[in-house]
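Understanding the architecture of this molecule
So you can see what is in the structure, the chains are spelled out below.
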Amino acid sequence: MNIKAKNTSLIKTEAKRLGFLSCGISKAEFLELEAPRLERYLNQNFHGEMDYMEHHFDKRLDPTILVEGSKSVISLLLNYYPNKLQQEDTYKLSKYAYGKDYHFVIKEKLKELLHTIESEIGAVNGRAFVDSAPVLDKAWAAKSGLGWIGKHSNLLTQQVGSFYFIAELIIDLELEYDGATTDHCGTCTKCIDACPTDAITEPYVVDGSKCISYFTIELKDQLPESEKGKFEDWMFGCDICQDVCPWNRFSQPHKEPLFNPHPELLEMSKKDWEEITEDIFRKVFQKSAVKRTKFTGLTRNIDFLK
Ligand code: SF4
Ligand code: SF4
């Protein structure tokens, strides 16, 4: 086995040991196909008030600008599909937000992976990214064969659907590169048909500024009256387009204890949510990504659903 193949195999084996679902690698280079797509997205203002998306246009398309001397983008998937879901008739939060904030959980794993690379292969210059604005994570994961980008614009696979986080390690080490997989959406339009705010404006194009995730998490102002009655009880994020996707019948529960929710969270009824106090908020969302909206943000969303 040549040295590149040996290093690649070591990294993929270590990624598996750390609990990642899969690991794919691409050459670090300008994302030519993504450039016009990103430009169109921004020009159409599909990012709404998410101003951070306008920044670092070149850096976002070219990892060699982001991490000097970088040679490879290592993409990793971490499953978050829960063992148990919230009760049926209640206000809902996206499944990714049930447990401890994924940024911390994944950063720790990426640090470990980098540490193994340094101790087994040698010193490298590398940076870890978890859902961070300058990296087009779905594009890299798709390029590395970890799945295809579906009509709802999420990455998905035939084996495990789409309920996982995507993270990257960008490093200055040459490795063996994977190729993209094929699209298996076919004639299906379930995600487009189910989206209550018509945010999927055409196959593969999501107007982020119309998405319930944007309204309930990113939008700092009042929620627009024009959207009243459309959120189908989603108070933090929205999983509708993923829940209806036929490939998600293959989702398997994750094995990461840190992603398990506070036991009370799954049992809370609509009434419990409507009466939530700041103390309960702090208790059930300790170290959770839901803290991003703060107590006032979540109660604003609940009031809007009533
Ligand atoms: S997350 Fe919800 S609102 Fe956003 S595109 Fe999917 S179904 Fe539509
Ligand atoms: S619901 Fe259908 S069209 Fe949408 S991502 Fe899944 S397979 Fe593709």
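Residues numbered from 1 in each chain as written. Chains lettered and ligands numbered in written order. Predicted model: local features only at pLDDT ≥ 70, side-chain atom pairs only at ≥ 80, totals over all residues. Heavy atoms only, no water.

1. What to know about the overall build of the protein
Which entries qualify depends on this criterion: Helix numbering and strand numbering both begin at the N terminus, where a helix is a DSSP run of H or I of at least 4 residues and a strand a DSSP run of E of at least 2. Atoms counted for the radius of gyration: C-alpha only. Globule rule: 2.2 Å times residue count to the power 0.38. Only protein chains enter the area calculation, which uses a 1.4 Å probe; residues under 20% of their type maximum are buried, those over 50% are exposed, and those in between are partly exposed. Contact definition: two residues touch when any of their heavy atoms are within 4.5 Å. Surface accessibility in these figures is a Shrake-Rupley result with a 1.4 Å probe; residues are shielded only by whichever protein chains are displayed. Positive charges come from Lys and Arg, negative ones from Asp and Glu, while His and the chain ends are left out of the count. Throughout, a charge is located at the NZ atom of Lys, the CZ atom of Arg, the CG atom of Asp or the CD atom of Glu.
On a plain count of helices and strands, the protein comes out with 13 helices and 10 strands. Rg of the C-alpha trace for the protein: 20 Å, near the compact-globule value of 19 Å for 306 residues, within the 12% margin. Across its three principal directions, the C-alpha atoms of the protein cover 60 × 40 × 35 Å. Counting only residues that meet the buried cut, the protein has 49% of its 306 residues in that class. Pairs at least 24 apart in sequence give 76% of the contacts found in the protein among residues at least 6 apart. Within the structure as shown, the protein displays about 15000 Å² of accessible surface, and the carbon and sulfur contribution to it stands at 50%. Across the protein, the mean location of the 39 positive side-chain charges is 3 Å away from that of the 47 negative side-chain charges.

2. Digging into the UniProt feature "binding site: [4Fe-4S] cluster 2" (unreviewed entry) in the protein
Where we set the bar: UniProt positions are given in the numbering used here, feature names are shortened, and annotations may be inferred rather than shown by experiment.
The residues that UniProt annotates with the feature "binding site: [4Fe-4S] cluster 2" (unreviewed entry) are Cys-195, Cys-211, Cys-238 and Cys-241. For the residues just named, distributed over 47 residues, the greatest C-alpha separation is only 10.6 Å, placing them together at one site. Inspection of the secondary structure puts Cys-238 in the loop between strand 10 (234-236) and helix 9 (240-243). Take Cys-238: its relative accessible area is 14%, and that puts it in the buried class. Residue contacts for Cys-238: discarding those within four places in its chain leaves Ser-94, Ile-212 and Ser-213. For Cys-241, the position within the fold is in helix 9. Judged by relative accessible area, which is 18%, Cys-241 ranks as buried. Aside from chain neighbours lying at most four places away, what touches Cys-241 is His-152, Asn-154, Cys-191 and Ile-200.

3. Considering the site of ligand 1
To be explicit about the condition: We call a residue near a molecule or strand whenever a single non-hydrogen atom of that residue lies within 4 Å of it. Polar here means any residue other than Ala, Val, Leu, Ile, Met, Phe, Trp, Tyr, Cys and Pro, which are nonpolar, and Asp, Glu, Lys and Arg, which are charged; Gly is therefore polar.
Taken together, Cys-195, Thr-197, Ala-199, Ile-200, Cys-211, Ile-212, Cys-238, Ile-240 and Cys-241 form the complete shell of residues around ligand 1. Taken together, the residues of the shell around ligand 1 sort by class into 8 nonpolar, 1 polar and no charged.

4. So, the UniProt feature "binding site: tRNA" (unreviewed entry) in the protein
Put simply, the rule reads: Any pair of N or O atoms that falls within 3.5 Å is considered a polar contact. Within protein, one atom must be able to donate a hydrogen and the other to accept it, and sequence-neighbouring residues count only if both atoms are side-chain atoms.
Annotation from UniProt places "binding site: tRNA" (unreviewed entry) at Lys-220. Relative to the helices and strands, Lys-220 resides in the loop between helix 8 (212-218) and strand 10. Overall, the relative accessible area of 61% leaves Lys-220 in the exposed class. Apart from the residues lying within four places of it in its own chain, the contact partners of Lys-220 are Glu-49 and Arg-300. In this structure the side chain of Lys-220 is engaged in a polar contact, spanning 3.2 Å, whose partner is the backbone oxygen of Ile-217.

5. Observations regarding the packing of helix 1 (residues 3-17) against helix 5 (residues 102-120)
Spelled out, the test is: Axes, fitted as lines to C-alpha atoms, cover a helix only where it is in contact. Angles between the N-to-C directions of the axes lie from 0 to 180 degrees. Whether a crossing is left-handed or right-handed is set by the direction in which the near helix is turned from the far one by less than a right angle, anticlockwise for left-handed and clockwise for right-handed.
Where helix 1 contacts helix 5, the axes come no closer than 10 Å and their chain directions differ by 145 degrees. The hand of the helix 1/helix 5 crossing is right-handed. Two secondary-structure elements touch here, helix 1 through Leu-10, Ile-11, Glu-14, Ala-15 and Arg-17 and helix 5 through Glu-112, Leu-113, Thr-116, Ile-117 and Glu-120. Of the residues contributing to the contact of helix 1 with helix 5, the split by class is 5 nonpolar, 1 polar and 4 charged.

6. Some words on the site of ligand 2
Every residue close to ligand 2 is listed here: Lys-151, His-152, Cys-185, Cys-188, Lys-190, Cys-191, Cys-245, Pro-246 and Trp-247. Grouping the constituent residues of the shell around ligand 2 by class yields 6 nonpolar, 1 polar and 2 charged.

7. Points about the environment of Asn-45
Structurally, Asn-45 is set in the loop between helix 2 (34-43) and helix 3 (57-61). Taking C-alpha positions, Asn-45 is 42 Å from Leu-10, a pair spaced 35 residues apart along the chain.

8. Topic: the pattern of salt bridges
Here is the rule we go by: By definition here, a salt bridge exists when the distance from a side-chain nitrogen of Lys or Arg to a carboxyl oxygen of Asp or Glu is within 4 Å.
For the structure shown, the criterion picks out 19 salt bridges. When the shortest N-O distance is used, the salt bridge between Lys-12 and Asp-178 registers 3.0 Å. Of the two residues, Lys-12 sits in helix 1 while Asp-178 sits in the loop between strand 7 (164-171) and helix 7 (190-194), which places them 166 residues apart along the sequence. Here Asp-178 falls in the partly exposed class, since its relative accessible area comes to 28%. Here the salt bridges share partners, and the residues they tie into one network are Glu-14, Arg-17 and Glu-112.

9. Considerations on the nonpolar core
Threshold: As used in this record, nonpolar core signifies buried Ala, Val, Leu, Ile, Met, Phe, Trp, Tyr and Cys residues forming a set joined through side-chain atoms within 4.5 Å.
Counting residues in each nonpolar core, the largest one holds 30 residues, and the members touching the most others are Leu-93, Met-235, Trp-273, Phe-285, Val-290 and Leu-298. Contributing elements (two or more residues each) for this core: helix 8, strand 10, helix 10 (263-267), helix 12 (278-284) and helix 13 (294-305). No other element matches the 5 residues that helix 13 contributes to this core. Core analysis: the next-biggest nonpolar cluster, separate from the first, contains 29 residues, Leu-18, Ile-25, Tyr-102 and Leu-173 among them.

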